[in-house]
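# Chain and residue survey
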Amino acid sequence: MIKINENFLKLQDSYLFSTIAKKVSEFQKENPDAKIIKLGIGDVTRPIANSIISSMENAVKEMGNSETFRGYGPEQGYEFLRNKIVEFDYQKRGVDISPDEVFISDGAKCDCGNIVDIFSINNKIAITDPVYPVYLDTNVMSGRTGNYNSETGKYDKIIYIPATAENNFVPQLPKEVPDIIYLCYPNNPTGTTLSKEELTKWVEYARENSSIILFDAAYEAFITESDVPHSIYEIEGAKEVAIECRSFSKTAGFTGLRCAYMVVPKNLVGYTENGQEISLHKLWSRRHGTKFNGVSYPIQRAAEAVYSEEGQKEIRENIKYYLENAKTIKNGLQEAGFTVFGGVNSPYVWLKVPDGITSWEFFDKLLSKANVVGTPGVGFGPSGEGYFRLTGFGTKENTAEAVERIKKIWS
Ligand code: MLT
């Protein structure tokens, strides 16, 4: 008889964004004339920049020519792309990463989910709360979390580190020492950041405790303030304790193209049960080569074009556009009397829902009264209750319209 992985039964309902999509589609069915504006999932709306498209087109043509056709690519990704990543994302910021420490993939979500394969089931996990649900759910699936407690909204073996308005969204170093720490900055969902000084505390803590930090920098391109680190490797010693993932999804609009990368430094080690040091780079390389066949050649050429002069100019314009939207949301909501966070170094705006209602009640009210979709804070964890996320990734027109609708209801 076939047996299932029973850890899946410990997951809560469906994936957050699938639950929201289902609710919205039911509402639309019942209200076919409602003009719904979706500011829920962080999906981009600007088309891919011209220079990136033409590079991809050229690569597609190469695939149809017997002289330039390519089959399977190198397991870690093409060197032309890994070299550009190292030069632009790291060396230009004074960070020493080598191209063979970079693994090209089809998404940061996949990387965050897949990396857990190389770690022992016995590792203790810490997540900030609220958090991007993938970190938690993938650990539930692989059996590291224990059971869910419906009273607390928490899994019993996970260390939750609150990041709320009470602590100015600066998570405190946990007293119980975790083996694996997930950090995402600029943060999804709160849109807040950590200063260099704050991030240094985490790197030092991980070094002292032989823990590892899984650092998700998917929103790095949205940083506008100078004291905010773009990479965890800007912090001294981080190469000994951190894996970093980045994505072209939000940076260059690749949510539909799919390309990302993860940096696994060569001197990063984990330990066997009897204390033997093992290279995490070697383990990840083995895993990547076995379970993944690479991102297609045209997409990797498209990603390479992100780093061209024209590509940089074009993607910067799109990022500015989304940040303008975030500002429109932030200012509009403040005018309507809401307390609002994020939106400065991030496309995400995190607001406090009105007193006396839950974040799902706010979701329902916003959908039914304003026909605007956002994401309830509690969907990101128990400390997200009382908050709500709106994204700047919509169109300028829809964003302005959504803000006007919200203001009409709450001003
Ligand atoms: C989000 O809305 O949090 C993200 O778009 C989800 C993702 O990137 O997978």
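Before going into details, it helps to say that this report is about the structure given with it.

## Description of the packing of aromatic side chains
- Throughout the structure, instances matching the rule amount to 29 aromatic pairs.
- Seen from their ring centres, Phe80 and Tyr297 are 6.1 Å apart, and the 85 degrees between their planes marks the pair as edge-to-face. Of the two residues, Phe80 is situated in helix α3 (residues 79-90) and Tyr297 in helix α9 (residues 297-305); the sequence distance between them amounts to 217 residues. Here the two residues Phe80 and Tyr297 agree in accessibility, since each one is buried.
- Considering the side-chain rings of Phe248 and Phe254, the 5.7 Å spacing of their centres and the 40 degrees angle between planes classify their relative orientation as tilted. One exposure class covers both Phe248 and Phe254, and it is buried.
- Among the aromatic side chains, those forming a connected cluster through ring pairs are Phe88, Tyr90, Tyr233, Phe248, Phe254, Tyr261 and Tyr307.
- We note Arg46 situated over the ring of Tyr321; from NZ or CZ to the ring centre the distance is 4.1 Å.
- One residue, Lys352, lies across the ring of Tyr387, its end atom 4.3 Å from the ring centre.

## Concerning the nonpolar core
- Of all hydrophobic cores here, the largest spans 66 residues; its most connected members are Ile52, Ile213, Phe248 and Phe254.
- The element contributing the most residues to this core is α3, with six residues.
- Residues Ala34, Ile36, Val340 and Phe341 belong to the second largest nonpolar core, which totals 36 residues.

## Overview of the sheet that holds strand β17 (residues 387-391)
- Reading across from one edge, β13-β14-β17-β16 is the order of the four strands in this open sheet, with antiparallel pairing throughout. Single-partner strands in this sheet number two, and they are β13 (340-342) and β16 (375-376).
- Of the pairings in the sheet, the one linking strand β14 (residues 348-352) to β17 comprises five bridges and is antiparallel in character. By the bridge assignment, Val349 is partnered in β17 with Leu390.
- The sheet contacts of helix α10 (residues 309-335) involve β13, β14 and β17, and relative to β13 the element is tilted by about 160 degrees.

## Overview of the layout of surface pockets
- A volume near 580 Å³ is recorded for the largest pocket.
- The wall of the largest pocket is formed by 22 residues, among which Gln12, Tyr148, Val378, Gly379 and Gly381 lie closest to the centre.
- Of all the secondary structure elements, the ones that give two or more residues to the lining of the largest pocket are α1 (16-30) and α5 (133-141).
- Ranked by the residues each element gives to the lining of the largest pocket, the list is headed by α5, at three residues.
- Of the residues in the lining of the largest pocket, the class split is 14 nonpolar, six polar and two charged.

The rules behind each value
Residues numbered from 1 in each chain as written. Predicted model: local features only at pLDDT ≥ 70, side-chain atom pairs only at ≥ 80, totals over all residues. Heavy atoms only, no water. Phe/Tyr/Trp six-rings, centres within 6.5 Å; stacked < 30°, edge-to-face > 60°. Helix = DSSP H or I, 4+ residues; strand = E, 2+ residues; numbered from the N terminus. Buried < 20%, exposed > 50% of the residue type's maximum accessible area, 1.4 Å probe, protein only. Lys NZ or Arg CZ within 6 Å of the ring centre and 35° of its normal. Core = buried A, V, L, I, M, F, W, Y, C linked by side-chain atoms within 4.5 Å. Pairing = 2+ DSSP bridges. Contact = heavy atoms within 4.5 Å. Axes fitted to C-alpha atoms, helices over the stretch in contact; angles between N-to-C directions. 1 Å grid on protein atoms, 1.4 Å probe; cavity = no way out; pocket = protein on both sides within 12 Å on 5 of 7 lines; lining within 4 Å. Points joined across faces, edges and corners; volume = space filled by probe spheres on them. Nonpolar A, V, L, I, M, F, W, Y, C, P; charged D, E, K, R; others polar.

Nothing here speaks to function; it is all geometry.
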